[in-house]
Amino acid sequence: VARCKEKMFGANPRFDYEKARTPRNRPFMEKALLEIPALQKSPKYAGQALGMSQAHLLQGLGRYEEAIKAYRVANKQPDSTWAVTDCMVALKQYPQAVKTVQGLESVGGATASRASLKIADIYRISGNKGKEVQQLRMVLRRYPKSGESSEAHNRLESYGVALTGGESEAEE
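What you see is a predicted model; the values in this text were computed from it and never measured.

Engineer: Sorry, what's going on with unusual backbone geometry here?
Structural biologist: Note that the residue after glutamine 77, namely proline 78, is joined by a cis bond; omega there is 0°. Here proline 78 lies in the loop between helix H4 (64–74) and helix H5 (79–90). You will see that asparagine 75, though not glycine, has its phi angle at about 50°, which is positive. Along the chain, asparagine 75 turns up in the loop between H4 and H5. Although it is not a glycine, lysine 92 adopts a positive phi angle of roughly 65°. With respect to the helices and strands, the residue lysine 92 is situated in the loop between H5 and helix H6 (94–105).

Engineer: What is the right way to look at the environment of serine 113 in this model?
Structural biologist: Mapping serine 113 onto the fold places it in helix H7 (residues 109–126). For serine 113 and valine 139, which are 26 residues apart along the polypeptide, the C-alpha to C-alpha distance reads 7.0 Å. Setting aside residues no more than four positions away along its own chain, serine 113 makes contact with Tyr143, Ser146 and Glu148.

Engineer: Any chance you could explain the nonpolar core here in plain terms?
Structural biologist: Side chains of nonpolar character tend, in soluble globular proteins, to be buried together. Among the nonpolar cores identified, the biggest contains 34 residues, and Phe15, Leu57, Tyr71 and Ile122 are the most heavily contacted of them. Those elements that provide at least two residues to this core are helix H1 (7–20), helix H2 (26–40), helix H3 (48–60), H4, H5, H6 and H7. Among the elements that make up this core, the one with the highest residue count is H5 (six residues). The contacts of isoleucine 122, once residues within four sequence positions are left out, are Thr85, Val89, Tyr94, Ala97, Val98 and Val101.

Engineer: Help me out: how do you make sense of helix H9 (residues 147–159) in this one?
Structural biologist: Taking 1.5 Å per residue, 13 residues should reach 18 Å; H9 reaches 19 Å between its end C-alpha atoms and fits that length. Every buried residue of H9 is accounted for by Glu148, Ser149, Ala152, Arg155 and Leu156. All buried residues of H9 fall inside an arc of 125° around its axis, so they share one side. Across H9 from its buried face, at more than 90 degrees, point the exposed residues Gly147 and Ser158. Contacts from the buried residues of H9 go to H7 and helix H8 (129–142). Just downstream of H9 lies glycine 160, where phi reads positive at about 80°.

Engineer: Help me understand the environment of valine 101 in this model?
Structural biologist: Relative to the helices and strands, valine 101 resides in helix H6. Classification of valine 101 as buried rests on a relative accessible area of 0%. In this structure the C-alpha to C-alpha distance between valine 101 and threonine 111, which are 10 residues apart in sequence, comes to 9.9 Å.

Scoring rules and cut-offs
- Residues numbered from 1 in each chain as written.
- Predicted model: local features only at pLDDT ≥ 70, side-chain atom pairs only at ≥ 80, totals over all residues.
- Heavy atoms only, no water.
- Helix = DSSP H or I, 4+ residues; strand = E, 2+ residues; numbered from the N terminus.
- Contact = heavy atoms within 4.5 Å.
- Core = buried A, V, L, I, M, F, W, Y, C linked by side-chain atoms within 4.5 Å.
- Buried < 20%, exposed > 50% of the residue type's maximum accessible area, 1.4 Å probe, protein only.
- Expected span 1.5 Å × (residues − 1).
- Arc of directions from axis to C-beta.

Here you go:
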């Protein structure tokens with residue numbers, strides 16, 4: 001690949017090779033990041049997927065501020081927002097992370113129930129058990145038939161919190 005006249009032809013296989021070896025392997029993450037500027041110059045390779053790969057590599061290296069910027073540039077929703085939230089939590093920016101996830105909760109559907117449970121996770125990581133319990137109860141009320149509601153119920157039971165109400169219907 002190094003002998004090819006067209007440099008882009010060699011950059012993409014090198015990037016793919018190094019990216020495939022990146023899980024918990026920092027040197028390969030660094031090497032893969034070095035290939036990205038060359039790939040961004042080519043319209044054939046540049047795009048949203050390359051931007052997400054770059055952001056993911058930055059996040060893996062612990063360069064969270066740069067990763068947040070890269071995720072916002074890539075703008076692959078809702079994946080970018082979930083990843084930005086994870087970076088904010090790693091930076092211990094808990095209030096901003098909660099606000100970011102609340103934006104996803106307004107989307108509705110399965111994303112909303114997942115976002116509501118993610119807010120409880122953020123409160124748990126930050127050490128705010130009172131708000132976590134309050135959020136878990138909100139998940140139970142707002143999304144009673146979702147998988148996230150089941151998770152919230154199990155977590156509340158493990159904390160020894162008294163549960164009232166709930167739905168119990170026989171389905172045939």
